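Chains, contacts and geometry: an overview
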Amino acid sequence: MSLRCLWRSHSGGPYRRTEELQQSTSLQRDPGATPAGQNRRSRLQEERGLWCAPHTQSRPPLFCLDERRPLCPVCEFSLHSGHKVVSVDSAVSEVKEQLRSQQQSLSQRREQASHAHTQCEQIQELAHAQVELCERHIRAEFERLHRFLQQEEESVLRALRQEQSRQAQAIEAQLQQIREELCTMEQNLQTVEDLLQRQSVDFLTQYRHTHKDTQTLLSQHSPQLGPGLLINQAKVLANVAFNAWNKMRALVSYSPVTLDPNTAGRRLHLSEDLRGVRGGETKQQVPENPERFCNYASVLGSEGFSSGSHQWDVEVGDHPYWAIGLAKESVDRKGKRSGTPENGVWCLRFKNGEYCDVNFKLLSLKRRPQRIRVRLDCDEGKVFFFDAGDMSLICSHKHRFTEKMFPYFAVGKSGDAKTKEIKIFASENH
């Protein structure tokens with residue numbers, strides 16, 4: 001309904017012009033009236049409750065949608081020229097419709113906030129479990145290293161005790177020779193001293209035998225100190241730490257790729273050392289955090305590459321379904337998409353006994369590789385897939401990578417295969 005129609009429909013009643021109406025009209029007719037004065041007058045009217053007692057006995061019959069307030073059709077009609085003025089009932093209906101729309105939006109936002117709150121609680125719960133898992137793994141790993149180092153320490157100390165025993169035996173043998181030498185010398189000295197006490201014929205008779213024995217004894221070599229009488233410190237201490245570290249290398253291994261469990265789809269199960277992944281029958285109860293793949297059994301490596309050359313081996317054995325390769329950092333992790341370069345995925349696939357390249361083109365291989373080598377050259381923009389057994393090229397792809405690239409893995413159910421999970425290893429010449 002237009003303002004003029006509303007004016008006519010409400011102008012027939014017994015309206016009386018009050019002092020407030022006269023002030024309002026005088027302000028309107030005053031050429032010196034300013035917008036600030038009008039605003040002050042509007043605020044005054046709002047403070048008085050927007051009721052015009054002389055003209056309305058009940059709720060005002062008109063409502064200005066532009067100013068969002070009721071108005072008197074007599075006192076304020078001329079003040080709303082060009083505004084959208086409707087009946088109160090129409091205003092109530094329109095405003096309620098707007099409120100219902102806002103109510104619906106608020107309910108949706110509330111549901112979203114409630115869902116986000118639930119997700120945060122799930123994430124926090126999983127984070128606590130991750131901390132406990134990491135702590136157990138760290139303690140187990142270092143306990144293993146501590147045991148090894150303790151065994152190495154005991155081994156080196158045993159070597160020291162053996163060296164000490166050898167030295168003690170050597171010095172004891174040397175001392176024994178010297179003691180025998182001393183004893184012989186003392187006996188001969190005593191014989192000579194006794195002979196010197198004798199006189200004349202008796203002296204001369206005994207001298208011949210004593211002189212001969214003494215000459216024979218003096219002609220023999222005196223015992224000399226031999227080598228090896230001290231502890232061989234160099235033998236015991238040489239490269240102690242290096243030797244222990246070198247032996248420790250047999251206990252540890254380097255992996256060029258560590259899987260990121262925060263990206264793993266719900267059907268994937270990662271090994272404790274984050275180097276192996278297998279497909280499960282049921283979904284795990286994990287939160288849908290932003291990093292996680294929701295519709296595919298996929299997982300990314302924890303470290304991305306934007307420059308240089310990188311390679312890693314993946315042991316696939318006789319696993320019946322897998323896809324390995326690379327994905328760009330911005331790959332869609334929530335929607336459904338094909339794993340093609342157009343969607344940010346470059347991978348070699350094996351399913352139903354067939355191999356496919358990054359564009360799903362069927363490949364013909366002479367044999368079934370047990371281990372696949374993935375090589376990425378970021379600077380050249382190339383990705384290669386080799387049979388790590390004989391280093392024969394399976395396929396390659398060239399692309400200008402414009403963002404960080406992450407190792408990508410997708411694994412299905414293993415079925416009756418001996419290989420239950422695919423594992424990541426460092427290349428032999430890495």
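Residues numbered from 1 in each chain as written. Predicted model: local features only at pLDDT ≥ 70, side-chain atom pairs only at ≥ 80, totals over all residues. Heavy atoms only, no water.

Brief notes about the overall build of the protein chain
Formally: Every helix listed is a DSSP run of H or I at least four residues long, and every strand listed is a run of E at least two residues long, numbered separately from the N terminus. In this analysis, two residues are considered to be in contact whenever any of their non-hydrogen atoms come within 4.5 Å of each other. To measure how exposed things are, a 1.4 Å probe is used in the Shrake-Rupley method; for residues, cover is taken only from the protein chains shown.
Helix and strand counts for the protein chain stand at seven helices and 16 strands. Once local pairs closer than 6 in sequence are excluded, the contacts in the protein chain between residues at least 24 apart make up 65%. Looking at the protein chain as shown, the accessible area adds up to about 28200 Å², and 50% of this sits on carbon and sulfur atoms.

Brief notes about a nonpolar patch on the surface
Operational definition: A patch consists of residues exposed above 30% relative accessible area that lack any salt bridge, with like charges linked at up to 9 Å and nonpolar side chains (Val, Leu, Ile, Met, Phe, Trp, Tyr) linked at up to 5 Å. What makes a salt bridge here is a side-chain nitrogen of Lys or Arg within 4 Å of a carboxyl oxygen of Asp or Glu, nothing more.
The grouping of L175, I178, L182 and L225 at the surface amounts to a nonpolar patch, some 360 Å² of accessible area in total. Relative to the elements of secondary structure, L225 occurs in the loop between α5 (200-219) and α6 (233-237).

Digging into the sheet that holds strand β3 (residues 85-87)
Put simply, the rule reads: By the convention used here, strands pair only if DSSP detects at least 2 bridges between them. Structural elements are reduced to axes, namely lines fitted to C-alpha atoms, with helices fitted over the stretch in contact, and the angle between N-to-C directions of any two is expressed from 0 to 180 degrees.
Read from one edge to the other, the open sheet built from three strands follows the order β2-β1-β3, with strand pairing classed as antiparallel. Of all strands in the sheet, those bounded by a partner on one side alone are β2 (69-71) and β3. Strand-to-strand, the axes of this sheet are offset by a mean angle of 40°, without reference to chain direction. Bridge count for strand β1 (residues 62-64) against β3 is three bridges, and the pairing is antiparallel. The residue of β3 that forms the bridge with C64 is V85. Against the sheet, helix α4 (residues 88-196) contacts β1 and β3, and its axis sits at roughly 100° relative to β3.

Some details on unusual backbone geometry
The residue N239 is not glycine, and still its phi comes out positive at about 50°. For N239, the position within the fold is in the loop between α6 and α7 (240-248).

Looking at the layout of surface pockets
So the rule is basically this: Cavities and pockets are defined on a 1 Å grid built over the protein atoms alone: a cavity is a set of grid points where a 1.4 Å probe fits but cannot escape, while a pocket is an open set with protein on both sides within 12 Å along at least five of seven lines, and lining residues are those with an atom within 4 Å of any such point. Grid points are joined across faces, edges and corners, and a volume is the space filled by probe spheres set on the points.
Taken as a whole, the largest pocket spans an internal volume of roughly 600 Å³. Lining of the largest pocket is provided by 21 residues; of these, Q130, L133, P261, L270 and L274 occupy positions nearest its centre. Secondary structure elements with two or more residues in the lining of the largest pocket: α4 and β4 (268-270). For the second largest pocket, the calculated volume is near 360 Å³. Taken together, 21 residues form the lining of the second largest pocket, with Y321, A323, R349, F360 and A410 sitting closest to its centre. Elements represented by at least two residues in the lining of the second largest pocket include exactly β8 (321-328), β9 (345-351), β10 (354-356) and β15 (405-411). Top element by residues in the lining of the second largest pocket is β9. It accounts for four residues.

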